[in-house]
Amino acid sequence: MLATVFDTKTMEFLSQAGEPAVPLHLLVVDSDPAVRSACAEIASSLGYVVESTGDLSNARSMLRGHAADILLANLPYNSTSGLELISEVKLLYPQTAVIAMTASGSVNAAVEAMRCGASDYLTKPFAMDELSTVLDRAASAQLTDNATRQLREQLRLSQGLGAMIGRSGEMEKLYRILSKVAQSSHPVLILGESGTGKELVARTIHAYGLNAQKPFLPVDCGSIVPTLIESELFGYVKGAFTGANRSKDGLLVSAEGGTVFLDEIGELSLDLQAKLLRALQEREVRPVGATHRVPIKARIVAATNRNLAEMVEKGQFRKDLFYRLNVVNLKLPSLRDRREDIPLLAAHFLDRISREHGRKFTLSDEALRTMMRYDWPGNVRELEHAVERACTMSSGPILHLGDLPTQLQNHGLESRRATTAGDDANESAGPQLMTLADMEKQAILSAIRTLNGDKLQAARLLGIGKTTLYRKLKEYGIADPLNDE
Ligand SMILES: Nc1ncnc2c1ncn2[C@@H]1O[C@H](COP(=O)(O)OP(=O)(O)OP(=O)(O)O)[C@@H](O)[C@H]1O
């Protein structure tokens, strides 16, 4: 039934936005029973859930009971009561779309109605298809607004961009550049330490790009022998070398406008660098053993954890290729430079592992504290492995310091010793006891602060429901967790 009410575009938009196809509620307010029932009948036949009334105070209480998606309100001649209703509705229920019905010739009333917040108007008498057109227009706008609101809310609640997790300032900056870069076809150079997520960024650029439905083809230049890389990238013809029983397209050709991801580009030999440069300049390749050239459309995204500029200085990397690849460069922050993302990433990996194991895991305060202080030389990959190991080692749902990899345990034990030494020094001031309630309050405050005020994430991190978190905040009298002493 909806398909008859909404155009295909709206329906597509809705299904993309994941909006359930629910009928919209329409309230018709007109003192003329004939107009009321005609409008109600037409709108019902179009798939709306319709209520109607001739009385304004009745209309108000109906709106209080269930705010309508669309209000079709008559503007009585010589009375401002209709306009007052419109203003009131727009104030109390801003999401309700208002259509005003005016008597023939009263252009001023229509203008006034629009000024009060009506989005459209109908001049009486109107034909059935006029009513259907304005309702359709209001419904489309209404559903688009709902979907946009929903998407905005999803983005607000999301933990990052696509599969990338992190809400730190560094990551937000990266997302902004990344979403712009994705829309172009220039080469991109991704720089960052090992495990910072370079391949994930490359995949995200591809996924948000114009050719997302085309292939994403990764090549690890660091682990494949040069002769193999050449035939992988450029392809070969039958008989080019022993075992080449048939011709094969290289990745730069078979990407067909998709993305070829050159990982560890710093490891590419000088000879191959020259060949890649020519391919990028001329947008064509010569397969191994061939005399002809083949056009390419692939986008190149390259990554390295080496200092390419320094390699250029030392003559280890071609300057011209460096400039060609470096049109846009994305420098990924190391994990120790965005520590505030650690709880979010840990929660994300815990979530995944809990789902895979069918058991729920949570980090103990001490384990999380240690993770926050540790320097993570292997960055996100090391964190992911640490969480995986802890889940395997743990005997219960709570992951303790002892479940973490040795280097983290050592780090944690050092911090513990430092704290104990500090406590010993304070011993003369008498033992400092903390009640369980105090500890719980501190854990809640620290989770919310670590996550920059994101209570939903904090609840997940603490392993409690959102409602429980709100109840506890109330119990402890914490109105503003970011500023509570
Ligand atoms: N921001 C992130 N959010 C979620 N997972 C991430 C993030 N960054 C990295 N990862 C995960 O960490 C692991 C390592 O990421 P990736 O392989 O992309 O790093 P890399 O920088 O390409 O590493 P290397 O230089 O060693 O090839 C992957 O499992 C990836 O999914």
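Residues numbered from 1 in each chain as written. Predicted model: local features only at pLDDT ≥ 70, side-chain atom pairs only at ≥ 80, totals over all residues.

Visitor: Just checking my understanding: could you explain the pairing of strand β12 (residues 259-263) for this structure?
Guide: Two faces belong to every sheet, and in a regular strand the side chains alternate between them. Where burial is concerned, most of β12 is hidden: five out of the five residues are buried. Of the two faces of β12, the one lined by T259, F261 and D263 and the one lined by V260 and L262 are each fully buried. Summarising the sheet, β12 and strand β15 (residues 299-304) pair through four bridges and their orientation is parallel. Within the sheet, the bridge partner assigned to T259 lies in β15 and is R299. (Buried ≥ 20, exposed ≤ 12 C-beta atoms within 10 Å, placed from the backbone. Helix = DSSP H or I, 4+ residues; strand = E, 2+ residues; numbered from the N terminus. Pairing = 2+ DSSP bridges.)

Visitor: Teacher, can you tell me more about the sheet that holds strand β2 (residues 49-53) here?
Guide: Note: strands within a sheet are paired through backbone hydrogen bonds, in either parallel or antiparallel orientation. The five strands are arranged β2-β1-β3-β4-β5 in an open sheet whose pairing can be described as parallel. If you trace the sheet from one side to the other, it starts and ends with β2 and β5 (120-123), each paired once. Along the sheet, successive strands turn relative to each other by an average axial angle of 20 degrees, direction set aside. When strand β3 (residues 70-74) meets strand β4 (residues 97-102), the two strands line up parallel, connected through five bridges. Directly across from L72, in β4, lies its bridge partner I99. Strands in contact with helix α5 (residues 81-92) are β1 (25-29), β3 and β4; relative to β3, the strand with the most contacts, it is inclined by about 165 degrees. (Axes fitted to C-alpha atoms, helices over the stretch in contact; angles between N-to-C directions. Contact = placed C-beta atoms within 7 Å.)

Visitor: What exactly am I supposed to notice about the sheet that holds strand β9 (residues 216-220) here?
Guide: Taken in spatial order, the five strands of this open sheet run β9-β12-β15-β8-β16, and their pairing is parallel. Across the chains shown, the open sheet's two edge strands, defined by having one partner strand only, are β9 and β16 (328-331). Strand-to-strand twist of the sheet, defined as the mean angle between neighbouring strand axes without regard to direction, takes the value 20 degrees. Relative to β15, strand β8 (residues 188-191) is paired through four bridges, and the arrangement is parallel. Note on β15: the bridge partner recorded for V188 is V301.

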